[in-house]
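Breakdown of the fold
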Amino acid sequence: QVQLVESGGGLVQPGGSLRLSCAASGSIFSFNAMGWYRQAPGKQRELVAVITSGGSTNYANSVKGRFTISRDNAKNMVYLQMNSLKPEDTAIYYCNANKVGVGVIPGYDFWGQGTQVTVSS
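Residues numbered from 1 in each chain as written. Predicted model: local features only at pLDDT ≥ 70, side-chain atom pairs only at ≥ 80, totals over all residues. Heavy atoms only, no water.

This part is about the environment of methionine 82. With respect to the helices and strands, methionine 82 occurs in strand 8 (residues 77–82). Assessed through its relative accessible area of 0%, methionine 82 is described here as buried. As for methionine 82 and glycine 15, which are separated by 67 residues in sequence, their C-alpha atoms are 9.9 Å apart. For methionine 82, the residues in contact, after removing those within four places along its chain, are Gly16, Ser17, Leu18, Leu20, Arg66, Phe67, Tyr93 and Val117. (Helix = DSSP H or I, 4+ residues; strand = E, 2+ residues; numbered from the N terminus. Buried < 20%, exposed > 50% of the residue type's maximum accessible area, 1.4 Å probe, protein only. Contact = heavy atoms within 4.5 Å.)

On to the nonpolar core, then. Ranked by size, the top nonpolar core spans 31 residues in total, and within it Leu4, Met34, Trp36, Leu80, Met82 and Tyr93 carry the most contacts. Broken down by secondary-structure element, the contributors of at least two residues to this core are strand 3 (18–24), strand 4 (33–39), strand 5 (46–52), strand 7 (67–72), strand 8, strand 9 (91–99) and strand 11 (115–119). Those residues in contact with leucine 4, other than ones at most four positions away along the chain, are Cys22, Ala23, Ala24, Met34, Cys95, Asn96, Ala97, Phe110, Trp111, Gly112 and Gln113. (Core = buried A, V, L, I, M, F, W, Y, C linked by side-chain atoms within 4.5 Å.)

So, about the pairing of strand 5. With six bridges connecting them, strand 4 and strand 5 associate as antiparallel partners. Residue arginine 38 lies in a different strand from strand 5, and its bridge partner there is glutamate 46. Hairpin connection between strand 4 and strand 5: a loop of six residues separates the two successive antiparallel strands, and glycine 42 in this loop has a positive phi of roughly 75°. The pairing of strand 5 with strand 6 (residues 57–59) spans three bridges and is classified as antiparallel. Residue alanine 49 lies in a different strand from strand 6, and its bridge partner there is tyrosine 59. Following strand 5, the chain reverses through four residues before pairing antiparallel with strand 6; glycine 55 in that reversal takes a positive phi of roughly 95°. (Pairing = 2+ DSSP bridges.)

Let us look at the environment of serine 27. Mapped onto the elements, serine 27 comes out in the loop between strand 3 and strand 4. A relative accessible area of 43% means that serine 27 is categorised as partly exposed. Serine 27 sits 47 residues away from alanine 74 along the chain, and the two C-alpha atoms are 8.2 Å apart. Within the structure, serine 27 has its side chain in polar contact with the backbone nitrogen of phenylalanine 29 (distance 3.2 Å). (Polar contact = N/O pair within 3.5 Å; in protein donor to acceptor, adjacent residues only side chain to side chain.)

Another aspect to go through is the state of the cysteines. This structure, assessed with the given rule, holds one disulfide. The disulfide that involves cysteine 22 links it to cysteine 95, with 2.1 Å between the sulfurs. Linking cysteine 22 and cysteine 95, the disulfide has an S-S dihedral of approximately -80° and is accordingly described as left-handed. Here the residue cysteine 22 occupies a position in strand 3, and cysteine 95 occupies one in strand 9, the gap between them amounting to 73 residues. Overall, cysteine 95 belongs to the buried group, its relative accessible area being 0%. (Disulfide = S-S within 2.5 Å.)

Dropping the structure here:
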């Protein structure tokens, strides 16, 4: 069992920046991928960015060029640097740890409690 705790959310003006952090209670090295998801009011949770254990990254089209995901395995931390924020980025941001299933062994996910990001003037 791994606990994920997000921090760094808050209120920021359009065009501003925030850096989200995700602290894991255990090693993140064994997970296939670490990711950030977000959920806006009345909308489904969506993938924002993901980074694999090998360091490959993938981003939602809406955040490409503005957001950067990174991980520090030694510190069991995952980060999301968010620049040029827009009002439509307003959502609760969740950290995710994913382990892919192998054969008959199912995969699993861990989620943090979320951190609110509000982009407004």
